[in-house]
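# Examining the three-dimensional arrangement
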Amino acid sequence: MSEKKPRIRVRGLTKIFGDEQHVALPLLQAGKNRDEVQKATGAVIGLQDVTFDVDEGEILVVMGLSGSGKSTCLRCINRLIEPTAGSVHIDDTDVTALGERDLMELRRTRFGMVFQQFALFPHRTIQRNVEYGLEVQGVPPAARRDKAMAAIETVGLKGWDQHFPSQLSGGMQQRAGLARALALDPDVLLMDEAFSALDPLIRRDMQQELVALQKRLKKTIVFVSHDLDEAIALGGRIVLMKDGRVVQQGTAADFLADPADEYVRRFVEHIDVLGVVTAGDAMRPPVAVRPWQSSADEALAILTQSGEPVVTVVCEMGRFQGTVDADTLRRAGATELRLLLSDRDACVPRSATLNEAVARLASGRGEIAVTGPDGELFGVIANADLIAALARRRVETAH
Ligand SMILES: Nc1ncnc2c1ncn2[C@@H]1O[C@H](COP(=O)(O)OP(=O)(O)OP(=O)(O)O)[C@@H](O)[C@H]1O
Ligand SMILES: [Mg+2]
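Residues numbered from 1 in each chain as written. Chains lettered and ligands numbered in written order. Predicted model: local features only at pLDDT ≥ 70, side-chain atom pairs only at ≥ 80, totals over all residues. Heavy atoms only, no water.

### What to know about the overall build of the chain
To keep it simple, the criterion reads: Helix and strand definitions follow DSSP, with helices as H or I runs of at least four residues and strands as E runs of at least two, each counted in order from the N terminus. Only the protein chains shown count as cover for residues, and the accessible areas themselves come from Shrake-Rupley with a 1.4 Å probe. Only four residue types enter the charge count: Lys and Arg as positive, Asp and Glu as negative, with His and the chain ends excluded. By convention, the charge on Lys lies at NZ, on Arg at CZ, on Asp at CG and on Glu at CD.
Of the regular secondary structure elements, the chain holds 18 helices and 16 strands. Accessible surface for the chain amounts to roughly 19,000 Å². Of this, 50% is attributable to carbon and sulfur atoms. Put simply, the chain has 48 plus and 55 minus side-chain charges, and the middle of one group is 3 Å from the middle of the other.

Shown next, in the form of structure tokens:
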């Protein structure tokens, strides 16, 4: 987990719906399960002992099937739903201990919310919809307008500010909803199935844009979704819920590599392994590496000994320069490797997915390098390593 101090800390969060919650809570705490408590008291357990952190600037996805408690969890964070037990902190503020006035202030200044239903006012222009929260805060018209227009531009709706919601497509309306939240410049965005009403293609665009936006604006985002593909597209950590409890938290690759139980295993069963396992997971240490001033003869000797398909060539700084295959080396004799480099882009970053690695492997000579931000060589992946990585996942998911 990150070394950064979390922006949001959720601890032992529990929500029991119904008048009997104070009868139900002790039963739950005494170890009775959700069904037993519901049967005994009639109270509905929405959330039970939920604990997780959200780091500053991360997109955390709260995922689970319908009724698993995702929305309840999200709404307990800013107390739109009052938790029955447990605590929520944002930085050093204990949200669960705030009085009504401080809570309102906190909600106004720190949290933005975006829902599945765009909930735009039909008779207000996009600009006036986006201004709404600022208007409520009593921000003067000129400042309000500037902030609204900036937010409208951020979400890619420039030029649409004087239109009405009905004149915009669903995707554009959701952008306007996002702009309305961003206009208030909150640190934390709480998004509940925000893209679920959109067409698949538009939805994918919005996911990519949210990731790009988040990188730029550095907001902390808690994103509720029932869709594993969406969680993977958003790229961050996932809190997987079932029956009001957290079953596992981590990345999709963590779920795949080490599922906490049968439920998680089945949840990720149909995951696109190539889309979540990274080059860093599949690489192995390079064995046939030569600096670029070495001769072809020298490289050929090492290549033959190693059984690798290509020699990987690096500069004095250890940065990847390209690869040279055995045929080329055989013909070149005493020539320096730097003059023989063929596949100069036979490399992927460590964070690349296997999908990207496969594409590179397919266009290369059977082996690619895995590199760091400055091109430093971390490892290599040959065709056989890729197959081994896939087989490993298959075996792991089969058990
Ligand atoms: N106001 C309420 N009163 C009683 N029970 C409720 C209330 N709100 C939610 N619940 C129950 O709490 C549980 C969790 O509901 P929640 O809305 O958080 O699920 P969800 O994961 O968001 O589902 P969905 O994907 O359908 O939106 C469900 O069993 C639901 O019926
Ligand atoms: Mg919900």
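### Focus on the sheet that holds strand E15 (residues 367-371)
Note the threshold: Being paired, for any two strands, means DSSP has found at least two bridges between them. Each axis is a line fitted through C-alpha atoms, taken for helices only over the stretch in contact, and angles between the N-to-C directions span 0 to 180 degrees.
The mixed open sheet is built from three strands, whose spatial order is E14-E15-E16. The sheet is open, and its two borders are formed by strand E14 (347-349) and strand E16 (377-382), each paired with just one other strand. Across the sheet, the axes of successive neighbouring strands diverge by a mean angle of 30 degrees, strand direction being ignored. Across five bridges, E15 lies against E16 in antiparallel orientation. If you follow Ile368 over to E16, its bridge partner there is Ile381.

### What to know about the sheet that holds strand E6 (residues 111-115)
Test applied: Residues are treated as being in contact if the distance between any of their heavy atoms lies within 4.5 Å.
Read across the open sheet, the six strands follow the order E6-E7-E8-E3-E9-E10; overall the sheet is mixed. In this open sheet, the two edge strands, each paired with only one partner strand, are E6 and strand E10 (245-250). Here the average twist between neighbouring strands, direction ignored, is 15 degrees. For strand E3 (residues 59-64) and strand E9 (residues 238-242), the ladder comprises four bridges, and the chain directions are parallel. Following the sheet pairing, Gly64 is matched in E9 by Met241. Contacts from helix H4 (residues 100-110) reach E6 and strand E7 (188-192) within the one sheet, and its direction differs from that of E6 by about 70 degrees.

### As for the UniProt feature "domain: ABC transporter" (unreviewed entry) in the chain
To be explicit about the condition: UniProt positions are given in the numbering used here, feature names are shortened, and annotations may be inferred rather than shown by experiment.
As recorded in UniProt, the sites labelled "domain: ABC transporter" (unreviewed entry) are residues 32-268. Along residues 32-268 the backbone is 43% helical and 22% strand, and the end-to-end C-alpha distance reaches 29 Å.

### Quick word on unusual backbone geometry
The residue Lys218 is not glycine, and still its phi comes out positive at about 55 degrees. Although it is not a glycine, Asp243 adopts a positive phi angle of roughly 50 degrees. Here Asp243 lies in the loop between E9 and E10.

### Quick notes on the domain arrangement of the chain
So the rule is basically this: For the purposes of this description, domain bounds are those given by an automatic or database domain assignment.
Per the domain assignment, the segments making up the chain are domain 1 (56-84 + 108-271) and domain 2 (280-391). In this structure, domain 1 and domain 2 have C-alpha centres spaced 41 Å apart.

### Re the pattern of salt bridges
Our working definition: Each reported salt bridge corresponds to a side-chain nitrogen of Lys or Arg within 4 Å of a carboxyl oxygen of Asp or Glu.
With the rule as written, the count across this model stands at 26 salt bridges. Close ionic contact of Arg203 with Asp227 constitutes a salt bridge, the shortest N to O distance being 3.6 Å. On the criterion of sequence distance, the pair formed by Arg203 in helix H9 (residues 200-217) and Asp227 in the loop between strand E8 (220-225) and helix H10 (228-234) is long-range, its members being 24 residues apart. The salt bridge involving Asp385 is made with Arg284; its shortest N-O contact spans 2.8 Å. Linking Asp385 in helix H18 (residues 383-398) with Arg284 in the loop between helix H14 (279-282) and strand E11 (289-291), this pair joins segments that are 101 residues apart in sequence.

### Focus on the site of ligand 1
Filter applied, for reference: Residues are labelled near a given molecule or strand when at least one of their non-hydrogen atoms is within 4 Å of it. Here a polar contact is taken to be a pair of N or O atoms separated by no more than 3.5 Å, where protein atoms must pair a possible hydrogen donor with a possible acceptor and residues adjacent in sequence count only if both atoms sit in side chains. Three classes are used, and their members are as follows: Ala, Val, Leu, Ile, Met, Phe, Trp, Tyr, Cys and Pro are nonpolar, Asp, Glu, Lys and Arg are charged, and the others, Gly among them, are polar.
In the neighbourhood of ligand 1, the contacting residues comprise Phe17, Val44, Gly46, Leu65, Ser66, Gly67, Ser68, Gly69, Lys70, Ser71, Thr72 and Glu193. Contacts to ligand 1 include Ser66, whose side-chain N or O atom sits 2.5 Å from an oxygen atom. For ligand 1, whose accessible area on its own is 630 Å², the fraction buried by protein is 59%. Of all the secondary-structure elements, those providing two or more residues to the shell around ligand 1 are strand E2 (44-55) and helix H3 (70-77). The leading source of residues in the shell around ligand 1 is H3, at three residues. Residues of the shell around ligand 1, tallied by class, amount to three nonpolar, seven polar and two charged.

### Details of the packing of helix H1 (residues 21-29) against helix H2 (residues 34-41)
The cut-off we apply is this: Roughly parallel means an angle under 35 degrees; roughly antiparallel, over 145; roughly perpendicular, 65 to 115; everything else is oblique. Helix crossings are classified by the rotation of the near helix relative to the far one: an anticlockwise turn of less than a right angle makes the crossing left-handed, while a clockwise turn makes it right-handed.
As a packed pair, H1 and H2 sit with axes 10 Å apart at the nearest point and diverge in direction by 150 degrees. Judged by the inter-axis angle, H1 sits roughly antiparallel to H2. Of the two elements, H1 crosses H2, and the hand of that crossing is right-handed. The segment H1 lies against H2, with Val23, Ala24, Leu27 and Leu28 engaging Val37, Ala40 and Thr41. Grouping the amino acids of the contact of H1 with H2 by side-chain chemistry returns six nonpolar, one polar and no charged.

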